[in-house]
Amino acid sequence: MDRTAQIRQFLAEHIAEPVADEDDIFARGLVNSMFVVQLVAFLEETFDLQIDGQDLVFENFRSVKDIDALVLRLTGS
């Protein structure tokens with residue numbers, strides 16, 4: 001399964017409504033700030049990366065596209 005598909009699957013397992021890759025999951029009220037803790041743990045474990053400091057901002061977690069871009073930037077692949 002590719003990176004984006006893994007992110008989509010995680011969100012589908014934790015969000016009751018389907019989301020498009022560009023949907024802002026916070027603006028739609030589908031998740032809250034506590035969800036970011038779960039999401040960060042998933043990303044760090046699944047993609048073997050560390051998210052901290054300047055990367056811990058909502059802009060990096062608002063949509064599948066934003067999350068995917070963050071993972072791509074941190075892993076380089």
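What you are looking at is a predicted structure, and each value in this text was computed from that prediction instead of being measured.

1. A word on the packing of helix α2 (residues 33–47) against helix α3 (residues 64–75)
And step 1. It is at 12 Å that the axes of α2 and α3 come closest, and there the two elements cross at 40°. In terms of orientation, α2 lies oblique with respect to α3. Two packed elements cross with a definite hand, and for α2 against α3 that hand is right-handed. Along its contact with α2, which presents Leu39, Leu43 and Phe47, the element α3 presents Ile67, Val71 and Thr75.
And step 2. Within the contact of α2 with α3, the residues separate by chemical class into five nonpolar, one polar and no charged.

2. Observations regarding helix α1 (residues 3–14)
And step 1. Here α1 contains twelve residues, and its C-alpha end-to-end distance of 17 Å stays within 8% of the 16 Å for a straight helix at 1.5 Å per residue.
And step 2. Thr4, Ile7, Phe10 and Leu11 are the residues of α1 that are buried. Projection of α1 onto a plane perpendicular to its axis shows the buried side chains occupying an angular sector of 125°, all on one side. Structural note: α1 exposes Ala12 and Glu13 on the side pointing more than 90 degrees away from its buried face.
And step 3. The elements touched by buried residues of α1 are α2 and α3.

3. With respect to unusual backbone geometry
And step 1. Residue Asp48 is not a glycine yet carries a positive backbone phi of 50°.
And step 2. Looking at the element boundaries, Asp48 is found in the loop between α2 and α3.
And step 3. On the basis of relative accessibility, which here comes to 72%, the residue Asp48 falls in the exposed class.

4. Observations concerning the side chain of Asp68
And step 1. Topologically, Asp68 is positioned in helix α3.
And step 2. A polar side-chain atom of Asp68 sits 2.4 Å from a polar atom in the side chain of Arg3.
And step 3. Side chain to side chain, Asp68 and Thr4 meet in a polar contact 3.2 Å long.
And step 4. What Asp68 contacts, discounting residues up to four positions off in sequence, is Arg3, Thr4 and Ile7.

So, how was this worked out
Residues numbered from 1 in each chain as written. Predicted model: local features only at pLDDT ≥ 70, side-chain atom pairs only at ≥ 80, totals over all residues. Heavy atoms only, no water. Axes fitted to C-alpha atoms, helices over the stretch in contact; angles between N-to-C directions. Helix = DSSP H or I, 4+ residues; strand = E, 2+ residues; numbered from the N terminus. Parallel < 35°, antiparallel > 145°, perpendicular 65-115°, else oblique. Left-handed = near helix turned anticlockwise from the far one by under 90°. Contact = heavy atoms within 4.5 Å. Nonpolar A, V, L, I, M, F, W, Y, C, P; charged D, E, K, R; others polar. Expected span 1.5 Å × (residues − 1). Buried < 20%, exposed > 50% of the residue type's maximum accessible area, 1.4 Å probe, protein only. Arc of directions from axis to C-beta. Polar contact = N/O pair within 3.5 Å; in protein donor to acceptor, adjacent residues only side chain to side chain.

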